[in-house]
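# A structural walkthrough
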Amino acid sequence: MKEDIRNIQIKCIEILNIVDQICHKHNIQYSLCGGSVVGAHLYQGCLPWDDDVDLMMTRENYNKFLSVIKQELPKGFSVHNYQLSDTYWSLFTKIVNDNTTIVQNDGAVSGVFLDITVYDKIPDNYKRKEDIFLWKMSQVVSIGKIKGKSLKAIVRNMVLTLFFRDKSKYYKFFQKRVEKNGMCKKYHYSELFGAFCNTKPYDAEIFENYTQIMFEGKKYMIVKDYIKYLQTRYDRTDFREPKEKQVAPHHQYVNFEMPYKKYLQQHMGAGNE
């Protein structure tokens, strides 16, 4: 298992290097995110038990990145994002190594991947309530229909069937509304469209100042006050995890030689993302 985790990390770092080169070429700011920030801070690399690499961008940088990523990715890598695909519904972006297979704990199949989450400007006034409402609706749409015969389940599923069958259309509407509210002068940042999706407010200065940090033998971009970012995200000042939490969070199976679409064909008779 430890060997698998390290090999996954190496594949993730290959993707990170590709993204880093693209961002430098197009003057796009990004930062290591979540556990990757903790790893850089404590180990100057991946957390020993972590099986992915995470990045984050502000909406302005994120949109710029999405506008160039398809033509910039080398052969064998793909971008999965609801804005660029009709078959991918997550509220964040994955850059995937198509020549590998990883089966996550929830059964999702893809190649080894790097996640990119987006942080939006959220106004510090009454319009914030509109953004939070839209965020809640996006979670309902993202999760989809639920099982059960309760009145709440019936009403929820009926609303989804009647009004929100096209997830991509709703997500894009939500995105435009949030971007419009982001034009305000007083604001904070929140991960409404992120991999973890929450409304926790981050001081604006965190996402508007960047530096570099050593990570796996090379310097990568990171928010300058990454300690304040970590304190806000995890609501604590000690970022070390106890032994019982030092476990790979994502995968149950990995194959570094098999393209994930071939795995899908062999095991599920499909080639979907």
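Computed from a prediction, not measured in an experiment: that's the story for all the values here.

## Some remarks on the overall build of the protein chain
Tallying secondary structure elements over the protein chain gives eight helices and 11 strands in all. Taken over the C-alpha trace, the protein chain has a radius of gyration of 19 Å; the compact-globule value for 273 residues is 19 Å, and the two agree within 12%. Seen along its three principal axes, the alpha-carbon backbone of the protein chain occupies a region of about 50 × 50 × 40 Å. The 273 residues of the protein chain split such that 49% are buried. Of the contacts formed within the protein chain by residues at least 6 apart in sequence, a portion of 66% connects residues at least 24 apart. Charged side chains in the protein chain number 40 positive and 32 negative. The centres of these two groups are separated by 7 Å.

## A look at the nonpolar core
Buried together is how nonpolar side chains tend to be arranged in soluble globular proteins. Of all hydrophobic cores here, the largest spans 81 residues; its most connected members are Phe65, Ile95, Phe207 and Tyr229. It is helix α1 (residues 2-25) that provides the largest number of residues to this core, a total of nine residues. If near-sequence neighbours (up to four positions away) are discounted, isoleucine 95 is found in contact with Ile15, Val19, Phe65, Ile69, Leu73, Ser78, Val79, Val112, Phe113, Leu114 and Ile116.

## Points about the pattern of salt bridges
Oppositely charged side chains are able to pair whenever their charged atoms sit close together. Going through the model one piece at a time under the given rule, you end up with eight salt bridges. Aspartate 20 is the salt-bridge partner of lysine 218, the closest N and O atoms lying 3.6 Å from each other. Of this pair, lysine 218 sits in strand β10 (residues 218-223) while aspartate 20 sits in helix α1, and the two are 198 residues apart along the sequence. Accessibility expressed as a relative area gives 5% for aspartate 20, which makes it buried. Across the salt bridge formed by lysine 25 and glutamate 72, the nearest N and O atoms sit 2.9 Å from each other. Highlighted residues: lysine 25 in helix α1 and glutamate 72 in helix α3 (residues 59-72), separated in sequence by 47 residues. For glutamate 72, a relative accessible area of 22% translates into the label partly exposed. The network of salt bridges with common partners includes Asp203, Glu205 and Lys228.

## With respect to the sheet that holds strand β5 (residues 101-104)
Strand order in the open sheet formed by three strands is β6-β5-β11, with antiparallel pairing between adjacent strands. Only two strands of the sheet have a single partner each, and these edge strands are β6 (109-110) and β11 (251-255). The strands touched by α1 are β5 and β11; relative to β11, the strand with the most contacts, the crossing angle is about 70°.

## Topic: the packing of helix α2 (residues 35-43) against helix α7 (residues 226-234)
Packing of α2 against α7 brings their axes to within 11 Å, and their N-to-C directions diverge by 130°. On the basis of their axis angle, the class for α2 and α7 is oblique. The handedness of the crossing between α2 and α7 comes out as left-handed. Contacts between α2 and α7 involve Gly35, Val37, Val38 and His41 from the former and Tyr226, Ile227, Tyr229, Leu230 and Tyr234 from the latter. For the contact of α2 with α7, the residue count by class is seven nonpolar, two polar and no charged.

## A few points about the packing of aromatic side chains
Under the definition given, this model contains 10 aromatic pairs. An angle of 40° between the planes, with centres 5.3 Å apart, marks the rings of tyrosine 189 and phenylalanine 207 as tilted. Of this pair, tyrosine 189 sits in strand β8 (residues 187-190) while phenylalanine 207 sits in the loop between β8 and β9 (210-215); the two residues are 18 residues apart in sequence, bridging distant segments of the chain. Each member of the pair, tyrosine 189 as well as phenylalanine 207, carries the same accessibility label: buried. For the ring pair tyrosine 253 and tyrosine 263, a centre distance of 5.6 Å and an interplane angle of 25° mean the geometry is stacked. Of this pair, tyrosine 253 sits in strand β11 while tyrosine 263 sits in helix α8 (residues 260-268), placing them 10 residues apart in sequence. By the ring-pair criterion, three or more aromatic residues cluster together here, those being Tyr119, Tyr187, Tyr189, Tyr202, Phe207 and Tyr229. In this arrangement the basic side chain of lysine 94 is found over the ring face of phenylalanine 113, its NZ or CZ atom lying 3.3 Å from the centre. Above the face of the tyrosine 187 ring, lysine 121 is positioned so that its terminal group lies 4.7 Å from the ring centre.

Criteria and thresholds
Here the residue numbers are simple positions, counted from 1 along each chain's written sequence. pLDDT decides what is reported in this predicted model: residues at 70 or higher carry local features, side-chain atom pairs at 80 or more are listed and counted, and totals for whole chains, interfaces and linings draw on all residues regardless. The side-chain values count all of the structure's non-hydrogen atoms but skip hydrogen atoms and water molecules. Secondary structure elements follow DSSP: runs of H or I no shorter than four residues count as helices, runs of E no shorter than two count as strands, and numbering proceeds from the N terminus. In this setup the radius of gyration rests on C-alpha atoms only. A globule is expected at 2.2 Å times the number of residues raised to 0.38. Exposure is judged per residue with a 1.4 Å probe applied to protein chains only, and the accessible area is read against the type maximum: over 50% gives exposed, under 20% gives buried, and values in between give partly exposed. Here, two residues are considered to be in contact whenever any of their heavy atoms come within 4.5 Å of each other. All tallies of charge rest on Lys and Arg as positive and Asp and Glu as negative; His and the ends of each chain are not included. To locate a charge, take atom NZ for lysine, CZ for arginine, CG for aspartate or CD for glutamate. Take the buried Ala, Val, Leu, Ile, Met, Phe, Trp, Tyr and Cys residues and link them wherever side-chain atoms come within 4.5 Å; each set so joined is a nonpolar core. The rule for a salt bridge is simple: a side-chain nitrogen of Lys or Arg has to be within 4 Å of a carboxyl oxygen of Asp or Glu. DSSP bridges decide pairing: two strands pair if at least two such bridges lie between them. Angular values range over 0 to 180 degrees, each being the angle between N-to-C directions of two axes fitted as lines to C-alpha atoms, with helices fitted over their stretch in contact. In these notes the angle categories are as follows: under 35 degrees is roughly parallel, over 145 is roughly antiparallel, 65 to 115 is roughly perpendicular, and the rest is oblique. Helix crossings are classified by the rotation of the near helix relative to the far one: an anticlockwise turn of less than a right angle makes the crossing left-handed, while a clockwise turn makes it right-handed. Residues are grouped as follows: Ala, Val, Leu, Ile, Met, Phe, Trp, Tyr, Cys and Pro are nonpolar; Asp, Glu, Lys and Arg are charged; all remaining types, including Gly, are polar. Classification of ring pairs rests on two measures: the distance between centres of Phe, Tyr or Trp rings, Trp counted by its six-membered ring, which must be within 6.5 Å, and the angle between planes, read as stacked under 30 degrees, edge-to-face over 60 and tilted in between. By the criterion adopted, a ring carries a charge over it if an Arg CZ or a Lys NZ lies within 6 Å of its centre and within 35 degrees of its normal.

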